[in-house]
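Understanding the architecture of this molecule
Residue-level listing of the chains:
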Amino acid sequence: MTAAGPIRARTDGADRLVEAGEALAGLQVRLGGAYPGVIAIPALLALVRKARSTGLSLGAMIAVEDETQPLSFRAHASAQNDGTQIEITEWRLADRKS
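I will try to describe carefully the structure that is included in this document. Please read these numbers as outputs of a predicted model, since none were measured by experiment. (Residues numbered from 1 in each chain as written. Predicted model: local features only at pLDDT ≥ 70, side-chain atom pairs only at ≥ 80, totals over all residues. Heavy atoms only, no water.)

Bringing the overall build of the protein chain into the picture now. Scanning the protein chain for helices and strands turns up two helices and six strands. When the elements of the protein chain are put in sequence order from the N terminus, they spell out β-β-α-β-α-β-β-β. Over its C-alpha trace the protein chain gives a radius of gyration of 13 Å, about what one expects of a compact globule, namely 13 Å for 98 residues. With the C-alpha coordinates of the protein chain rotated into their principal frame, the extents come out at 45 × 25 × 20 Å. Expressed as a percentage of contacts within the protein chain between residues at least 6 apart in sequence, the contacts between residues at least 24 apart total 40%. With the model as given, the accessible surface of the protein chain reaches about 5500 Å², and the carbon-plus-sulfur share is 50%. Positive and negative charge centroids in the protein chain, built from 11 and 11 side chains respectively, lie 4 Å apart. (Helix = DSSP H or I, 4+ residues; strand = E, 2+ residues; numbered from the N terminus. Rg over C-alpha atoms; globule rule 2.2 N^0.38 Å. Contact = heavy atoms within 4.5 Å. Areas by Shrake-Rupley, 256 points an atom, 1.4 Å probe, with all protein chains shown as cover. Lys, Arg positive; Asp, Glu negative; His and termini not counted. Charge placed at Lys NZ, Arg CZ, Asp CG, Glu CD.)

So, in structure tokens, the structure goes:
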């Protein structure tokens with residue numbers, strides 16, 4: 001299963017997810033985070049922090065385990081004056097394992 005179109009999100013200067021498309025907001029909560037709240041996906045949080053600290057636009061493939069279901073996506077993070085813009089593409093859920 002793939003998500004249609006890019007998923008857009010925004011963090012504030014403290015790396016709290018303050019705006020997010022439904023798929024990302026749901027994943028944030030399922031992984032134990034709050035919405036709004038600090039990003040609960042370790043690899044995405046690291047990407048956002050690196051983009052913000054360097055001022056660069058960065059991208060990476062990210063894989064997580066969502067309720068025992070593998071999920072991967074490509075994330076692009078761009079530092080802004082008051083936080084970071086995030087765009088997620090290639091959102092893919094693998095088949096559930098029995």
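Time to look at the sheet that holds strand E3 (residues 37-38). Strand order across the open sheet formed by six strands is E3-E2-E1-E6-E5-E4, with antiparallel pairing between neighbours. Only two strands of the sheet have a single neighbouring strand rather than two, namely E3 and strand E4 (57-66). Of the pairings in the sheet, the one linking strand E2 (residues 16-20) to E3 comprises two bridges and is antiparallel in character. Counterpart to Leu17 in the pairing with E3 is Gly37. In the packing of helix H1 (residues 22-30) onto the sheet, contacts are made with strand E1 (7-12), E2, E3, E4, strand E5 (69-80) and strand E6 (83-93), and the angle to E2 comes to roughly 145°. Running at roughly 165° to E4, helix H2 (residues 42-54) makes contact with E1, E3, E4, E5 and E6 of the sheet. (Pairing = 2+ DSSP bridges. Axes fitted to C-alpha atoms, helices over the stretch in contact; angles between N-to-C directions.)

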